[in-house]
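# Commentary on secondary and tertiary structure
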Amino acid sequence: MEYQEAKDKFISTWGSLGTLWGINKAMAQIQSLLFISTKPLSMEDIMEELKISRGNTSMNLRQLMDWGIVTKELIPGERKEFFTTEKDVQELARHIAKERSRREIKPVIKILKDVSSIKDDGTAKTKELIKQTKALHDLAETADTMMNKIVNQEQNWITKSLLKLIK
């Protein structure tokens, strides 16, 4: 496989996987293009490479910056804005995990807490609703706590722990 084919395959695959970490395909493709780029890219570079519109590119770059995984980079003498992404895979995973927790898991935990805290009127259906939503709340809260502990540790700790699990 030659460079261009490998590059296209990586960007396409990463784009498809993007939905697994809560972003759309174009957003993931932009991030993957920046990830494998040897230099910061302008919006025009991204549009041309991925064959997507200015509006789509602009909107997705803003969202990637909101996630904290893409940043603007100033290049002396250039009027265009240039963009780059986090290159450290473990740091990238930490950013994504933190953002998914903030955007997705914590709101669900709050709703489950509210629902499981309703007044018990003594009926079987109310008791079952409270029991099951409390169990889900506890599970989600424990999983979120564990994930936060992992992502807040130093990178080397994560790598060492994963390698110990594999061996």
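Basis of the calculations
Residues numbered from 1 in each chain as written. Predicted model: local features only at pLDDT ≥ 70, side-chain atom pairs only at ≥ 80, totals over all residues. Heavy atoms only, no water. UniProt positions renumbered as here; feature names shortened; annotations may be inferred. Helix = DSSP H or I, 4+ residues; strand = E, 2+ residues; numbered from the N terminus. Rg over C-alpha atoms; globule rule 2.2 N^0.38 Å. Buried < 20%, exposed > 50% of the residue type's maximum accessible area, 1.4 Å probe, protein only. Contact = heavy atoms within 4.5 Å. Areas by Shrake-Rupley, 256 points an atom, 1.4 Å probe, with all protein chains shown as cover.

In the annotation of an unreviewed UniProt entry, the protein is listed under the name HTH-type transcriptional regulator and assigned to Algibacter marinivivus. If you open the UniProt record of the protein and go to Sequence similarities (unreviewed entry), you find "Belongs to the GbsR family."

### Structural notes on the overall build of the protein
The number of helices and strands found in the protein is seven helices and three strands. Secondary structure elements of the protein, listed N to C terminal, follow the sequence α-α-β-α-α-β-β-α-α-α. The C-alpha atoms of the protein give a radius of gyration of 21 Å, which is well past the 15 Å a tight globule of 167 residues would have. Projected onto its principal axes, the C-alpha positions of the protein cover 70 × 45 × 35 Å. A burial count over the protein gives 32% of its 167 residues as buried. When contacts within the protein are restricted to residue pairs at least 6 apart in sequence, those whose partners lie at least 24 apart make up 57%. Just so you have it, the protein exposes about 11100 Å², and 59% of that area is on carbon and sulfur atoms.

### Considerations on the environment of Lys25
In this structure, Lys25 sits in helix 2 (residues 25–36). Lys25 gets classed as partly exposed once you look at its relative accessible area, which sits at 44%. In the structure, Lys25 is positioned 71 residues away from Ile96 in sequence and 15 Å away in space, judged by C-alpha atoms. Not counting the four nearest positions on each side in its chain, Lys25 is found in contact with Gly15 and Ser16.

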